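Structural characterization, general
Residue strings, one per chain:
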Number of protein chains: 2
Amino acid sequence: MAEFELIQRYFAQLTPPREDVPLGIGDDCALLRLPDGYELATTTDTLVAGVHFFDDVAPETLGHKALAVNLSDLASMGAEAAWVTLALTLDRTDAAWLQAFSRGFATLAAEFNVQLVGGDTTQGPLAIGVTAFGFLPAGQALKRSTAEVGDLVCVTGSLGDAALALRALQGDLRAKPFLRDLRHRLESPQPRLAAGQSLRGLAHAAIDLSDGLISDLGHILKQSRVGVTLQLADLPLSPQLQSYLQSDDDFVLPLAGGDDYELCVTVPPAKLRQAQQRVADLTVIGQIDAEPGMRLQRQDGSLLEQQLTGYEHFA
Amino acid sequence: MAEFELIQRYFAQLTPPREDVPLGIGDDCALLRLPDGYELATTTDTLVAGVHFFDDVAPETLGHKALAVNLSDLASMGAEAAWVTLALTLDRTDAAWLQAFSRGFATLAAEFNVQLVGGDTTQGPLAIGVTAFGFLPAGQALKRSTAEVGDLVCVTGSLGDAALALRALQGDLRAKPFLRDLRHRLESPQPRLAAGQSLRGLAHAAIDLSDGLISDLGHILKQSRVGVTLQLADLPLSPQLQSYLQSDDDFVLPLAGGDDYELCVTVPPAKLRQAQQRVADLTVIGQIDAEPGMRLQRQDGSLLEQQLTGYEHFA
């Protein structure tokens, strides 16, 4: 196991030290200090080879994404990211792979001042377990369960670009021309931490978009016991996705494509202007109502009812 | 994935709720409240099938042990255990297996008032990732790096029993008679949380014994830049292990057997009486000195030098 110990020592120096870490990698536990009056936010995700990624994925991309999806969960609560632990299960020790993986991981960690405080390296089928930690003022977290009737449903950025890039990689010839522009949306998603923090005190509810809008917004609806009417014409689409879509009813990618890692929030109308001042790319796409379920409305007022089940299944 | 969602809902109710958990399973993050002036202690361990356990291990045992090894890390810092997240990678959903696994996990969690606050269920080769969280007054953690020359080296409980049970399970006929008495030491280790907390302010350094005394105490020596002389006759051995050992020089099990999950601490002589009053089964086994390395001394003063390398390799 000497090689594995080497890896652990290597990871110990990977990220910049923070002042609120009295003890990092190398003891039985890491010790972390929260500011008084703050709550800890924590989330854990495991990526398994052959399930969440292909064995031949670029390791730098994988390192970035394993951290990004967890930071995105912190973003959706409105938390500030601070610390992370990495449980790496490796089938073998491949120095080049590890260096590239850790470069992807460390570059993103440095960008958000996140320190790696715990490492566990295990021999076995390739899998990556990340637990991310952040904090936010007590009582100010953006939850899934607190959307209110009348709230405007907003999303950051544009929807469906990652799914379009995936189609291109899977061989969709019509999608191929857009791969160069959109590949980073799939492989190097940027967790919207600043946006999440800016929306504390303004948004009622929030979630990050990992499984697709319908699926993820569905969690807010269910946990808040409300419904929604979405305006299809208002979905924010990149120029590339607009070029790709063939009909006005082709909304599978923006509605059900995963991996966007944008935020979906509900904002009371009186707070919208302030929210949009703080988050420049925040787009209103619908409104929360009391009737359970999700209604997808065309510009002419008609509903896209038939395909909803299909979307849900796809999602 | 409906089955997996079911599992997550099932796990959500598994452990008793704590007042310091404003938000548990079911959102993007869990939210946790630390008392002001306390530090968070966190540790993560992954158990992989075929590496850390056999595929046919009793799932209840596995549930217990996956949590116990992490709580043991909290114990060694002197922390109070509070919360835990579970990242379960399952090759299939087997209701009987899951029920037994979660029973083992939940029984131990309830014993120490630990709440499961996050769950991630993934399809893939069987693996169990646990991240445990506890807290302790700021600055009072028992670390590996703070042993001092003159400190007495002490261990809780008895050493080598889990390794003897393992030998019995592996077919050692001489070990078999002791299996009934010692099997729980291997399969259901009890994290020494109360002992760790009691030793705050008394012990200088601490570690939990997972890989065997020589290996684990070695971490304290290395990180504290000190050495140790251990008195072999003072190693605390159960009556069963004493019956099994054939010669006075047969110390592989207590010195290098893993899975004890007892604590090894260094205590200044002036604090020993108080430490032993608080932790009844605390035994002095040696003393920290300035000369690097580990010396194993027989009762007659001679050293067991030849075998040290062998032990280290075994460990």
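Residues numbered from 1 in each chain as written. Chains lettered and ligands numbered in written order. Predicted model: local features only at pLDDT ≥ 70, side-chain atom pairs only at ≥ 80, totals over all residues. Heavy atoms only, no water.

1. What about the relation of the copies chain A and chain B?
Here is the rule we go by: Copy-to-copy superposition: least squares on the C-alpha atoms, limited to residues that have pLDDT of at least 70 in both copies. Contact between two residues is taken to exist if any of their heavy atoms lie within 4.5 Å; hydrogens are not considered.
Turning chain A through 180° and shifting it by 0.0 Å along the axis lays it on chain B, with an RMSD of 0.0 Å. Such a turn and shift between the copies fits a two-fold axis. For chain A, the residue whose C-alpha comes nearest the rotation axis is A:Asp36, separated from it by 2.8 Å. Here 100% of the contact residues of chain A are again contact residues in chain B; the copies associate through an equivalent surface.

2. Here we look at the packing of helix H4 (residues 161-169) of chain A against helix H5 (residues 179-187) of chain A
All names here are of chain A. Condition: Between N-to-C directions, angles cover 0 to 180 degrees, with each direction set by a line fitted to C-alpha atoms, over the stretch in contact for helices. Only DSSP runs of H or I reaching four residues or more are called helices, and only runs of E reaching two or more are called strands; each is numbered from the N terminus. By the definition adopted for this analysis, an angle is roughly parallel if under 35 degrees, roughly antiparallel if over 145, roughly perpendicular if from 65 to 115, and oblique otherwise. In this scheme the handedness of a crossing depends on how the near helix is turned from the far one: anticlockwise by less than a right angle means left-handed, clockwise means right-handed. Classification convention: Asp, Glu, Lys, Arg as charged; Ala, Val, Leu, Ile, Met, Phe, Trp, Tyr, Cys, Pro as nonpolar; all other residues, Gly among them, as polar.
Across the interface, H4 lies against H5 with an axial gap of 7 Å and an inter-helix angle of 115°. In this view, H4 runs roughly perpendicular relative to H5, as classed from their interaxial angle. With respect to the hand of their crossing, H4 and H5 are arranged in left-handed fashion. Where H4 abuts H5, its residues Asp161, Ala162, Leu164, Ala165, Leu166, Ala168 and Leu169 lie against Leu179, Leu182, Arg183, Arg185, Leu186 and Glu187. Class assignment of the residues belonging to the contact of H4 with H5 gives a composition of 9 nonpolar, no polar and 4 charged.

3. Thoughts on the interface of chain A and chain B
In plain terms, the rule: Buried surface area refers to the total accessible area, computed with a probe of radius 1.4 Å, that the two partners give up upon joining, counted for both partners together. Salt bridge, as used here: a side-chain nitrogen of Lys or Arg that lies within 4 Å of a carboxyl oxygen of Asp or Glu. Here a polar contact is taken to be a pair of N or O atoms separated by no more than 3.5 Å, where protein atoms must pair a possible hydrogen donor with a possible acceptor and residues adjacent in sequence count only if both atoms sit in side chains. Strands were regarded as paired on the criterion that DSSP finds at least two bridges between them.
Facing the 49 residues of chain A at the interface are 49 residues of chain B. Summed over both sides, the interface of chain A with chain B buries roughly 3,800 Å², with 55% coming from carbon and sulfur. Viewed at the interface, chain B and chain A are joined by 6 salt bridges. Note that B:Arg144 is salt-bridged to A:Asp28, the shortest N-O span being 2.9 Å. Put simply, chain A and chain B have 21 residue pairs in polar contact (both at pLDDT 80 or more) between them. Elements supplying a minimum of two residues to the side of chain A that touches chain B: strand S1 (30-32), strand S2 (38-48), helix H2 (59-77), strand S3 (80-90), strand S4 (115-123), strand S5 (127-137), strand S7 (205-208) and helix H7 (213-224) of chain A. Counting residues per element, the side of chain A that touches chain B draws most heavily on S2(A), at 9 residues. Taken together, the residues that form the side of chain A that touches chain B break down as 20 nonpolar, 16 polar and 13 charged. Judged from the 3 bridges that link them, S2(A) and strand S1 (residues 30-32) of chain B form a sheet pairing that is antiparallel. Its bridge partner lying in S1(B), A:Ala41 is registered against B:Leu31.

4. Let's talk about the side chain of B:Asp161
All names here are of chain B. Topologically, Asp161 is positioned in helix H4 (residues 161-169). Among the polar contacts made by the side chain of Asp161, one reaches the side chain of Ser158 at a distance of 2.7 Å. Asp161 has contacts with Leu182, Arg185, Ser238, Leu241 and Asp260, leaving out every residue within four places of it along the chain.

5. Topic: the environment of B:Val155
All names here are of chain B. Under the convention used in this document: Classification of residues uses two cut-offs on accessible area relative to the type maximum, computed with a 1.4 Å probe and protein chains only: under 20% is buried, over 50% is exposed, and between them is partly exposed.
Structurally, Val155 can be placed in strand S6 (residues 152-156). Judged by relative accessible area, Val155 falls into the buried class, the value being 0%. Sequence-wise, Val155 and Ala206 are 51 residues apart; in three dimensions their C-alpha atoms are separated by 9.6 Å. Apart from residues lying up to four places away in sequence, Val155 is in contact with Leu209, Leu213, Pro236, Leu263, Cys264, Asp281, Leu282, Thr283 and Ile285.

6. With respect to the domain arrangement of chain A
Residues and elements named next belong to chain A. Our working definition: All the domain ranges listed were derived from an automatic or database domain assignment.
Assigned domains within chain A: domain 1 (2-137) and domain 2 (152-314). Each of domain 1 and domain 2 was reduced to a C-alpha centroid, and the two centroids are 28 Å apart. Across the domain 1/domain 2 interface, buried area totals approximately 1,500 Å², and carbon plus sulfur atoms make up 59% of it. Taken together, domain 1 and domain 2 are joined by 1 salt bridge. With a closest N to O distance of 3.4 Å, Lys65 and Asp259 form a salt bridge.

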